[in-house]
Amino acid sequence: MIKNNTRTWLLLVTIFTCFTLTTNAQESVDNGDAFYLSYRYKEAIKEYEHAIINNRSTKNEVHILRNLAYSYLYTFQYAKAEQKFTELIKLGDKKPDPDDYLEYGNLLKINGKYDQAREQYIYYGKLLKKDAYNIFLEKSLAWAIKNKDIVRPATYVGVTNLNVSGQSLGYTFFDDGIIYSQAKDSVEDEFTQIFDLQFARKDDSTNFMTTENDIVSNIKFPFNEGSPFLAADGETLYFMATGAKVKDGEVKKSGKGEISKTGVSNLRLYSAKLINGRFEQVQELSFNNKDYNFVHPAISADGNTLYFASDMPGGFGGLDIYRTNRNTDGTWTTPINLGDKINTTEHDCFPYLKDNKIYFASKGHVGFGGYDIFENTVSNNFTYGTSTNMGKPYNSSKDDIALVMNKDGQTGYFSSNRDSYNGFDKVYYFNSNYHPIVKRTEVPKKDTVLTTIAVNEPKLKAGANKITTQPELETKPIAKPAIAKGTVILNKPVYYDFNSSNLPTDLTILNEAVSIWKADKSLSIQLLGYTDCRGEAGYNKGLSQKRANAVYAYLVKQGVAANKVSKAGMGDVTTDSCIDCTSCPEEVHSLNRRVEVKIKK
């Protein structure tokens with residue numbers, strides 16, 4: 001049984017149903033129901049919200065709220081979904097539906113509210129009695145809490161300008177750019193979107209330039225296209241598309257015989273060949289079945305083993321990852337499920353191969369909230385080890401999917417809606433071996449308070465024992481000048497490594513601050529944390545706060561009174577020399593990753 005919301009494929013299947021729109025409240029509910037059953041959740045949201053505005057009837061209230069909450073959930077608008085689930089749970093206390101409490105808990109976890117999520121999981125367990133799935137929820141939540149502040153070292157993650165204008169359906173490297181999938185209507189987010197393959201040339205690691213779409217313009221499906229994967233030969237492109245007839249490389253709409261038993265045109269896998277600079281000669285892969293979805297292809301380096309995800313029967317639940325081998329005649333063997341080291345009762349998708357590793361996205365292994373990216377080792381006989389969560393910054397509490405790597409195995413891209421208000425994904429660049437050059441410049445401190453001076457230094461008599469004879473010094477203490485209130489006694493930065501909130505190894509400045517405060521405990525210490533401009537604003541704000549927290553904890557541990565220390569995370573730094581973050585010098589980035597330690601009278 002699938003216990004979590006679907007993603008990607010459910011929104012892309014095409015159902016053949018027609019109905020007319022009307023305007024009164026009950027008819028809006030009916031229209032909303034029709035859209036909801038057609039997987040057209042954005043249209044359903046519009047109708048249900050219209051029904052609420054026009055005084056929904058009491059008998060429909062729970063129904064409307066439940067479908068509205070799930071519609072927001074299925075379109076990845078998690079803040080709005082949480083709001084509607086909160087309203088739904090309040091109404092449902094008299095007759096609780098366990099799945100509502102489960103999804104509410106899942107949403108709270110996705111939104112990073114781990115303690116509140118635990119409360120809903122506990123109540124869900126009471127309603128159904130604790131089962132294996134409830135034990136998994138508790139285990140996954142405990143793991144998320146334990147690992148939420150641990151960031152993978154030497155790893156840079158930054159958002160790109162590649163606009164998928166909706167949910168990310170993956171991408172593949174080609175020539176000097178990337179083939180990806182983009183919604184046809186990039187400005188409209190009220191209606192269910194249709195996706196086309198596109199090509200963008202790479203300007204640098206995070207900036208792409210859209211072009212006239214000649215490379216994939218001959219791949220023309222009537223509905224969705226996505227999840228491209230270029231084989232190692234550089235000439236064969238695999239991708240998924242809404243089911244259609246293919247004859248002699250030409251694509252036509254599916255006839256009635258190509259529609260599933262439930263009236264849906266499911267997603268299938270296809271290939272295309274590069275001819276004269278364009279991909280064409282589309283062929284459907286032999287193992288497709290009109291009654292199920294086949295998505296997210298990835299082929300081995302030798303071109304003989306194809307991995308993909310499917311909801312066909314016989315799996316563990318939801319989408320599972322399968323493999324199939326190429327026959328000598330170009331057809332494919334019966335797909336084989338990768339087993340329980342990879343697949344779970346949740347959705348497991350977006351497989352990607354690199355050397356002897358397989359990377360994929362899943363909700364069914366322990367993670368932070370939504371989809372996380374995992375890695376596993378593939379042996380020569382297609383057995384697998386333990387799937388490992390790649391941790392932060394690759395993963396967040398939201399959905400993190402579709403990882404691909406450059407040839408170096410250290411840089412690449414993945415998608416996430418971690419900083420999204422409308423459920424749309426952004427594409428992120430990563431570097432797993434990032435070692436910035438750090439330049440540190442500090443102003444020498446002049447704060448001598450008491451000086452001992454020698455007046456009329458005595459001369460030793462000839463033959464005097466220089467070891468035992470101590471010259472008599474006349475010392476004059478210089479009076480300590482009064483320090484005006486508000487005077488800054490110390491103002492120095494503590495610099496941090498990239499994407500890290502761990503204290504630096506050099507604690508000289510912090511120890512200096514401790515000594516100054518202990519000499520005058522009326523002083524106050526202010527800590528302001530900053531990051532460089534890379535990364536999303538929300539993430540940077542949190543990271544800067546963690547840096548300030550780390551300095552605060554050290555000072556208090558060394559004996560500074562907690563009520564004398566204030567701390568704040570200020571987020572990222574934008575300076576005149578760093579207005580365009582993509583062209584900002586590394587030296588400036590290094591100076592911006594800091595906590596300012598300021599001591600005032």
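Scroll up to find the structure.
Here goes a summary of the coordinates provided. (Residues numbered from 1 in each chain as written. Predicted model: local features only at pLDDT ≥ 70, side-chain atom pairs only at ≥ 80, totals over all residues. Heavy atoms only, no water.)

Now for the packing of helix 9 (residues 508–519) against helix 10 (residues 537–557). Contact pair helix 9 / helix 10: the axes reach a minimum separation of 10 Å and the direction vectors enclose 45 degrees. Our classification of the angle between helix 9 and helix 10 gives oblique. Crossing angle aside, the handedness with which helix 9 passes helix 10 is right-handed. The segment helix 9 lies against helix 10, with L510, N511 and V514 engaging V551, Y554 and L555. (Axes fitted to C-alpha atoms, helices over the stretch in contact; angles between N-to-C directions. Helix = DSSP H or I, 4+ residues; strand = E, 2+ residues; numbered from the N terminus. Parallel < 35°, antiparallel > 145°, perpendicular 65-115°, else oblique. Left-handed = near helix turned anticlockwise from the far one by under 90°. Contact = heavy atoms within 4.5 Å.)

This part takes up the sheet that holds strand 17 (residues 336–337). Taken in spatial order, the four strands make up an open sheet running 14-15-16-17, and their pairing is antiparallel. Taken across any chain shown, the strands that pair with only one partner, and hence form the sheet edges, are strand 14 (294–299) and strand 17. Here six bridges tie strand 15 (residues 305–310) to strand 16 (residues 320–325), and the two strands are oriented antiparallel to one another. Its bridge partner being in strand 16, L306 is matched across the sheet by T324. (Pairing = 2+ DSSP bridges.)

Burial of nonpolar side chains together is a common tendency in soluble globular proteins. Formed by 54 residues in total, the largest nonpolar core has its most connected members in Y171, L269, F287, L306, L403 and F414. Among the elements that make up this core, the one with the highest residue count is strand 22 (residues 400–405) (five residues). With residues near it in sequence (within four places) discarded, L403 still touches Y352, Y359, I373, M390, Y394, Y413, F414 and F430. Counting residues in hydrophobic clusters, the runner-up holds 38 residues, among them A51, Y78, L108 and Y121. (Core = buried A, V, L, I, M, F, W, Y, C linked by side-chain atoms within 4.5 Å. Buried < 20%, exposed > 50% of the residue type's maximum accessible area, 1.4 Å probe, protein only.)

Two modes of strand pairing occur in sheets, parallel and antiparallel, and in both the strands are linked by backbone hydrogen bonds. Overall, antiparallel pairing links the four strands, which are arranged 2-24-23-22 in an open sheet. Both edges of this open sheet fall to strand 2 (156–159) and strand 22, since each of them pairs with a single strand only. Across the sheet, the axes of successive neighbouring strands diverge by a mean angle of 25 degrees, strand direction being ignored. Summarising the sheet, strand 2 and strand 24 (residues 426–431) pair through four bridges and their orientation is antiparallel. Counted as the bridge partner of Y156 is N431 from strand 24.

With that settled, consider the pattern of salt bridges. Considering all chains together, one arrives at 19 salt bridges under this definition. Among the ionic pairs, E512 bridges to K492, the shortest N-O distance being 3.3 Å. Taken as a pair, E512 in helix 9 and K492 in strand 25 (residues 488–495) lie far apart in primary sequence, 20 residues in all. By relative accessible area, which is 12% here, K492 ends up buried. The closest approach of N and O atoms between D520 and K601, which form a salt bridge, is 3.2 Å. (Salt bridge = Lys/Arg side-chain N within 4 Å of Asp/Glu carboxyl O.)

A few words on the environment of N293. Along the chain, the position of N293 falls in the loop between strand 13 (278–284) and strand 14. Taking the C-alpha atoms as reference points, N293 and T242, separated by 51 residues in sequence, lie 9.1 Å from one another. A polar side-chain atom of N293 sits 3.0 Å from the main-chain amide nitrogen of L267. (Polar contact = N/O pair within 3.5 Å; in protein donor to acceptor, adjacent residues only side chain to side chain.)

Counting across every chain of the model gives 31 aromatic pairs. On the numbers, 5.9 Å between centres and 45 degrees between planes, the contact of F294 with F308 is tilted. A residue pair is termed long-range when its members are at least 10 positions apart, and F294 in strand 14 and F308 in strand 15 qualify at 14 residues. The class of F294 is buried, set by a relative accessible area of 1%. Residue class for F308 comes out buried when judged on its relative accessible area of 0%. (Phe/Tyr/Trp six-rings, centres within 6.5 Å; stacked < 30°, edge-to-face > 60°.)

Now for helix 8 (residues 132–147). Taking 1.5 Å as the rise per residue, helix 8 with 16 residues should run 22 Å; its terminal C-alpha atoms sit 23 Å apart, in good agreement. For helix 8, the set of buried residues is Y133, N134, F136, L137, S140, L141, A144 and N147. Buried positions in helix 8, seen along its axis, are confined to an arc of 165 degrees and lie on one side of it. Opposite the packed face of helix 8, turned more than 90 degrees from it, sit the exposed residues A132, K139 and K146. Elements that come into contact with the buried residues of helix 8 comprise helix 6 (98–110) and helix 7 (114–128). (Expected span 1.5 Å × (residues − 1). Arc of directions from axis to C-beta.)

In this structure, S416 sits in strand 23 (residues 411–416). Classification of S416 by relative accessible area gives buried; the value is 1%. Of note is the side chain of S416, whose polar atom sits 3.0 Å from the side chain of R418. Apart from residues lying up to four places away in sequence, S416 is in contact with S396, D399, D400, F424, D425, K426 and Y428.

This part covers the packing of helix 2 (residues 25–37) against helix 3 (residues 41–53). Packing of helix 2 against helix 3 leaves a shortest axis separation of 8 Å and a crossing angle of 160 degrees. Here helix 3 runs roughly antiparallel to helix 2, going by the angle between their axes. For helix 2 against helix 3, the interelement crossing comes out left-handed. Here A25, S28, V29, N31, G32, D33, F35 and Y36 of helix 2 come into contact with helix 3, specifically with Y41, E43, A44, E47, Y48, H50 and A51. Here the residues of the contact of helix 2 with helix 3 are counted per class, giving eight nonpolar, four polar and three charged. (Nonpolar A, V, L, I, M, F, W, Y, C, P; charged D, E, K, R; others polar.)

This paragraph deals with the side chain of N422. Tracing the backbone through its elements, the reader meets N422 in the loop between strand 23 and strand 24. Under the relative-accessibility criterion, N422 is labelled buried at 12%. At 3.2 Å, the side chain of N422 and the side chain of S420 are in polar contact. Here the side chain of N422 touches F424 through a polar contact of 3.0 Å, landing on its backbone nitrogen.

To continue, consider the pairing of strand 27 (residues 565–572). Direction of pairing for strand 26 (residues 524–531) relative to strand 27: parallel, over a ladder of six bridges. In the strand pairing of strand 27, L528 is matched with A568. For the segment spanning strand 26, helix 10 and strand 27, crossover handedness is right-handed. (Right-handed = clockwise from strand over helix to strand, strands pointing away.)

Any functional reading would require information beyond the geometric quantities listed.
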